[in-house]
Amino acid sequence: MVSTERLKGIETFVATADAGSFTAAAELLHLTSSAVSKSVARLEERLGTRLFERTTRRLALTDAGAAFYRTCVRVLTDLEEAEAVLAVQRSEPVGRLRLDLPATFGRLRVWPLVLQLMPQYPHLRPHVSFTDRFADLLDEGIDLAVRIGGPDHWPAAIGHRHLGHERLIFCASPDYLAHHGIPASPAELLQHDAVLYGKADGSSSPWLIAHDAGIVERRTMEGRIIAGHAEAQVAAVKAGCGIAQLATWLVRDEIRCGELVQILPMLTTVGLPLNLIWPVGRQLLPKVDAILQFLASELQIDAPDFPAHN
């Protein structure tokens with residue numbers, strides 16, 4: 001059982017940190033400045049550490065205070081959400097929703113879906129980050145995340161829903177193929193200019209060449225262009241700089257409108273898995289469940305119009 005003593009002073013502490021002074025916090029909480037100051041002092045005494053550096057003009061959080069502040073904000077947010085669900089028992093999603101999305105996939109495929117959902121839920125307030133870093137959902141207070149790649153087995157504290165795998169295809173611009181010819185075999189493919197994805201360590205991702213019996217060869221290429229961003233890769237291929245192996249979700253529109261042409265469809269390979277993940281228990285909140293169900297129904301990246309290699 002959690003002692004109620006641990007909750008004393010938390011709201012006052014957070015309000016003081018947000019406001020930057022005892023006086024401003026007192027106005028927000030409808031208390032006296034003295035009452036706020038004493039509440040924070042009691043909290044510091046109980047914790048055995050200073051939470052603020054006090055100056056004549058402003059309060060500043062200490063390192064310990066900043067860490068404690070982040071935890072307190074999460075606790076108060078969880079309490080607010082729990083009270084809202086229990087008191088109102090409504091199904092309408094409301095409140096702040098923290099989403100973490102892969103940079104390119106999030107911007108191109110997930111963000112338009114989130115915007116599509118917004119008119120339906122006017123009281124939902126998404127806070128969305130776009131990064132290819134695997135953020136810690138529990139530590140960073142994230143309600144729902146989209147992950148491309150990740151572990152085979154997720155921790156017990158994380159709920160997840162598998163939505164399929166990327167499919168990787170070879171493609172080039174019509175102009176490039178008109179000038180250099182269309183490769184008719186894997187051997188001919190390897191003779192062409194390659195547009196590769198560059199990793200942070202200075203290396204580049206290999207091409208995955210599918211063979212019979214389900215064997216996939218990882219072939220290191222000498223790229224004519226190496227770009228450390230997927231959309232930059234697409235731009236280079238559209239500009240006629242060479243052939244690239246790209247995920248179908250990344251070039252779906254370009255393939256359909258003819259800006260890019262798929263090469264050797266029999267070499268299509270399965271790429272990384274796509275998952276929706278969330279802290280266990282958060283799905284019970286209407287705001288999380290609504291967008292989880294919507295994205296799960298809309299985000300399917302096993303595109304049937306790009307055949308897989310058998």
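For every chain, the first residue of the written sequence is number 1, and numbering continues from 1 onward in sequence order. Local features in this predicted model are restricted to residues whose pLDDT is 70 or higher, and side-chain atom pairs enter the listing and the counts only when it is 80 or higher, whereas totals over whole chains, interfaces and linings include all residues. Side-chain measures were taken over the full set of non-hydrogen atoms in the model, leaving aside hydrogen atoms and water.

### Examining the packing of aromatic side chains
Next up, step 1: Ring geometry is summarised as follows: Phe, Tyr and Trp rings, the Trp one being its six-membered ring, pair when their centres sit within 6.5 Å, and such pairs are stacked at plane angles under 30 degrees, edge-to-face over 60 and tilted between the two. Evaluation of the coordinates by the stated rule reveals six aromatic pairs.
Next up, step 2: Pairing Phe13 with Tyr69 gives two aromatic rings, centres 6.5 Å apart and planes at 75°, and the pair type is edge-to-face. Of this pair, Phe13 sits in helix α1 (residues 10–19) while Tyr69 is found in helix α4 (residues 63–88), placing the two residues 56 residues apart along the sequence.
Next up, step 3: Exposure is judged per residue with a 1.4 Å probe applied to protein chains only, and the accessible area is read against the type maximum: over 50% gives exposed, under 20% gives buried, and values in between give partly exposed. Since its relative accessible area comes to 0%, Phe13 is described here as buried.
Next up, step 4: A centroid spacing of 4.9 Å and a plane angle of 85° characterise the contact between Phe105 and Trp249, whose relative ring orientation is edge-to-face. Of this pair, Phe105 sits in helix α5 (residues 103–117) while Trp249 is found in helix α10 (residues 248–257), placing the two residues 144 residues apart along the sequence. Across the pair, Trp249 and Phe105 agree in class, each one buried.
Next up, step 5: Only when the NZ of Lys or the CZ of Arg is both within 6 Å of the ring centre and within 35 degrees of the ring normal is a charge said to sit over the ring. In this arrangement the basic side chain of Arg147 is found over the ring face of Phe134, its NZ or CZ atom lying 5.1 Å from the centre. Secondary structure elements are taken from DSSP: a helix is a run of H or I of four residues or more, a strand is a run of E of two residues or more, and numbering for both begins at the N terminus.

### Regarding the pattern of salt bridges
For side chains of opposite charge, pairing can occur when their charged atoms come near one another.
Next up, step 1: The salt bridge criterion pairs a side-chain nitrogen of Lys or Arg with a carboxyl oxygen of Asp or Glu, the two atoms within 4 Å. Scanning all chains against the criterion turns up 10 salt bridges.
Next up, step 2: A salt bridge links Glu53 to Arg50; the nearest nitrogen and oxygen atoms lie 3.2 Å apart.
Next up, step 3: A salt bridge links Arg107 to Glu231; the shortest N-O distance between them is 1.9 Å. Of this pair, Arg107 sits in helix α5 while Glu231 sits in helix α9 (residues 230–238), placing them 124 residues apart in sequence.
Next up, step 4: Through salt bridges that share partners, Arg109, Arg252 and Asp253 make up one connected network.

### Thoughts on the confidence of the model for the chain
Next up, step 1: Summary of the metric used: pLDDT quantifies the predictor's per-residue confidence within the range 0 to 100. Averaged over all residues, the pLDDT of the chain is 87; the fraction at 70 or higher stands at 92%.
Next up, step 2: Scored below 50 in pLDDT, residues 305–310 makes 17 contacts in the model with residues more than four places away or belonging to other chains. Two residues qualify as a contact provided that any one of their heavy atoms is within 4.5 Å of a heavy atom in the partner residue.

### Describing the environment of Ala230
Next up, step 1: Within the secondary structure, Ala230 is located in helix α9.
Next up, step 2: The class for Ala230 is buried, based on a relative accessible area of 15%.
Next up, step 3: Excluding residues that lie within four positions of it along the chain, Ala230 makes contacts with Thr104, Tyr197 and Leu250.

### Re α10
Next up, step 1: Every buried residue of α10 is listed here: Thr248, Trp249, Leu250, Val251, Glu254 and Ile255.
Next up, step 2: Buried residues along α10 sit in contact with α5, β5 (144–148), β6 (158–172), α9, β11 (244–247) and β12 (261–263).
Next up, step 3: Of the residues one or two after α10, Gly258 is the one with positive phi, at around 90°.

### Re the packing of α5 against helix α11 (residues 286–298)
The packing of two helices is summarised by the inter-axis angle and the distance between the axes.
Next up, step 1: Where α5 contacts α11, the axes come no closer than 11 Å and their chain directions differ by 130°. Compared by their axis directions, α5 and α11 come out oblique. Remark: the crossing between α5 and α11 carries right-handed chirality. Two secondary-structure elements touch here, α5 through Val110, Leu113, Val114, Gln116 and Leu117 and α11 through Ile291, Phe294, Leu295 and Glu298.
Next up, step 2: Among the residues making up the contact of α5 with α11, the classes are represented as seven nonpolar, one polar and one charged. Only the contacting stretch of a helix is used when fitting its axis, a line to C-alpha atoms as for every element, and angles between N-to-C directions run 0 to 180 degrees. For classification purposes, angles smaller than 35 degrees are called roughly parallel, those larger than 145 roughly antiparallel, those between 65 and 115 roughly perpendicular, and all remaining angles oblique. Note on convention: near helix rotated counterclockwise from far helix by under a right angle means a left-handed crossing. Clockwise means right-handed. Charged means Asp, Glu, Lys or Arg here, nonpolar means Ala, Val, Leu, Ile, Met, Phe, Trp, Tyr, Cys or Pro, and polar covers whatever is left, Gly included.

### Examining the domain arrangement of the chain
Next up, step 1: In this entry, domain limits derive from an automatic or database-based domain assignment. The domain architecture assigned to the chain consists of domain 1 (4–87), domain 2 (95–165 + 272–298) and domain 3 (166–270).
Next up, step 2: For domain 1 and domain 3, the distance between their C-alpha centres works out to 54 Å.

### Looking at the side chain of Thr62
Next up, step 1: Inspection of the secondary structure assignment puts Thr62 in the loop between β2 (59–61) and α4.
Next up, step 2: When its relative accessible area of 12% is taken as the criterion, Thr62 is described as buried.
Next up, step 3: With sequence-adjacent residues up to four places away left out, Thr62 is seen in contact with Arg50, Leu51, Phe52 and Glu53.

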